[in-house]
Amino acid sequence: MRTLARDEFDAFWRDGAIVVNDAVTPDQLGSMCQEFDRWVEESRSHSTNYGEMIDGRPRFDLQLPGHTAEMPVLRRVNSPTEVSENYFAGAMKGRIPEMVADLIGPNVKFHHSKINAKHPGSATAVQWHQDFPFTPHTNSDLVTALLALDDVGNENGPLIVGMGSHLGPLASIWKGETFTGIADAEISRGWEHSASTLAMPAGSVCLMHTCVGHCSAANIGKRPRRLFIVVYSAEDAIPLSPNPLPSKHEGMIVSGHKTGRVRSSAFDLKLPERPKTGSFFNQQTGYDG
Ligand SMILES: O=C(O)CCC(=O)C(=O)O
């Protein structure tokens, strides 16, 4: 292993999630925060979602109603690696992809990225779900890396993880014929029993197995909570549904090399619905266009 300690590797496969400090350098973290602040300044001159991803949906997502020029509320940036060298470097080089390669490598590729910002007082709790049913692949060697740009404590919208739940069943995110994006309650009730709230200092990363059940709390504190989220897969895991956040960087090798092979594991799930807006939060709250 290049970057993770043996006990971190073991904890990941036992619990389905670990937090590792100093995942990027202080300079990198500072540059990412500055870039986000610059986007917030830019957002003052917009009253609707704006910018464009490669599929035409808006890149910059505002809290509406709520966002104003005086009090800007930029809550999401989709595919930031496409518009920022700082976010591109954080995702493609350095400790984060190295750690992911330690877990599911040696050959690892990029799938998608986003920044989720929870502002004080914003009702942005995220309901229980696993990531895999949103991004099914031929095997489940996928890791979601969530880099904290701010200190995250109990008050400002922390991640809550059902420890060990990646070893259990996949929970449907459909209710009958309706795509809700929320895990089947019978299964998620089990995750609550082993739930752990993750404190994260700024610059730390949570590495999460794609099958681990997780949710996140609303920000009831006074400080913002911004996470830069990057999804990686093993190179031989082939996507089974369209990328919810398509990126010109999808499939980029971040560790090892391309083999052109496919590896499959057995599972059974209903394919997801692609978000009409840029976000599965809107699917969970029923506001997806
Ligand atoms: O931003 C958050 O709090 C949650 C993110 C999350 O659950 C995810 O990206 O799967």
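Summarised in this report is the structure supplied together with it. Predicted, not measured: the structure shown is a model, and the values here were computed from it.

1. Thoughts on the site of the ligand
- In the region of the ligand, eleven residues are neighbours, and Asn-116, His-129, Asp-131, Ser-216 and Arg-225 sit closest.
- In this structure, Ser-216 approaches the ligand through a side-chain N or O atom, which is 2.6 Å from an oxygen atom.
- In this structure, an oxygen atom belonging to the ligand sits 2.7 Å away from a side-chain N or O atom of Arg-225.
- For the ligand, whose free accessible area comes to 290 Å², the fraction covered by protein is 99%.
- Among the elements of the structure, β4 (108-118), β5 (126-129), β12 (214-216) and β13 (225-234) are those that each provide at least two residues to the shell around the ligand.
- Taken together, the residues of the shell around the ligand sort by class into three nonpolar, four polar and four charged.

2. Considering the packing of aromatic side chains
- The tally for this structure, following the rule as stated, stands at nine aromatic pairs.
- Ring geometry for Tyr-87 and Phe-228: centres 4.8 Å apart, planes at 75 degrees, overall edge-to-face. One end of the pair, Tyr-87, is in helix α3 (residues 85-92); the other, Phe-228, is in strand β13, and 141 residues separate them in sequence. Per residue, the accessibility class of Tyr-87 equals that of Phe-228, and both read buried.
- Ring centres 6.0 Å apart and planes at 90 degrees place the aromatic pair Phe-134 and Phe-179 in the edge-to-face group. One end of the pair, Phe-134, is in the loop between β5 and β6 (142-148); the other, Phe-179, is in strand β9 (residues 178-179), and 45 residues separate them in sequence.
- For Phe-134, a relative accessible area of 11% gives the class buried.

3. Some thoughts on the environment of His-137
- Checked against the element boundaries, His-137 lands in the loop between β5 and β6.
- Put simply, His-137 and Ser-241 are 104 residues apart on the chain and 7.7 Å apart in space, counted from C-alpha to C-alpha.
- Here Thr-135 takes part through its backbone oxygen, which lies 2.8 Å from a polar atom of the side chain of His-137.

4. Considering the pattern of salt bridges
- Under the definition given, this model contains 15 salt bridges.
- With a closest N to O distance of 3.0 Å, Glu-82 and Arg-59 form a salt bridge. Of this pair, Glu-82 sits in the loop between β3 (74-78) and α3 while Arg-59 sits in the loop between α2 (26-43) and β2 (60-62), placing them 23 residues apart in sequence. Arg-59 carries the same exposure label as Glu-82, and that label is buried.
- Look at the salt bridges and you will find they share partners, linking Glu-35, Arg-38 and Glu-42 into a network.

Each value, and the rule that gives it
Residues numbered from 1 in each chain as written. Predicted model: local features only at pLDDT ≥ 70, side-chain atom pairs only at ≥ 80, totals over all residues. Heavy atoms only, no water. Near = heavy atom within 4 Å. Polar contact = N/O pair within 3.5 Å; in protein donor to acceptor, adjacent residues only side chain to side chain. Areas by Shrake-Rupley, 256 points an atom, 1.4 Å probe, with all protein chains shown as cover. Helix = DSSP H or I, 4+ residues; strand = E, 2+ residues; numbered from the N terminus. Nonpolar A, V, L, I, M, F, W, Y, C, P; charged D, E, K, R; others polar. Phe/Tyr/Trp six-rings, centres within 6.5 Å; stacked < 30°, edge-to-face > 60°. Buried < 20%, exposed > 50% of the residue type's maximum accessible area, 1.4 Å probe, protein only. Salt bridge = Lys/Arg side-chain N within 4 Å of Asp/Glu carboxyl O.

Purely geometric stuff here, so don't read any function into it on its own.
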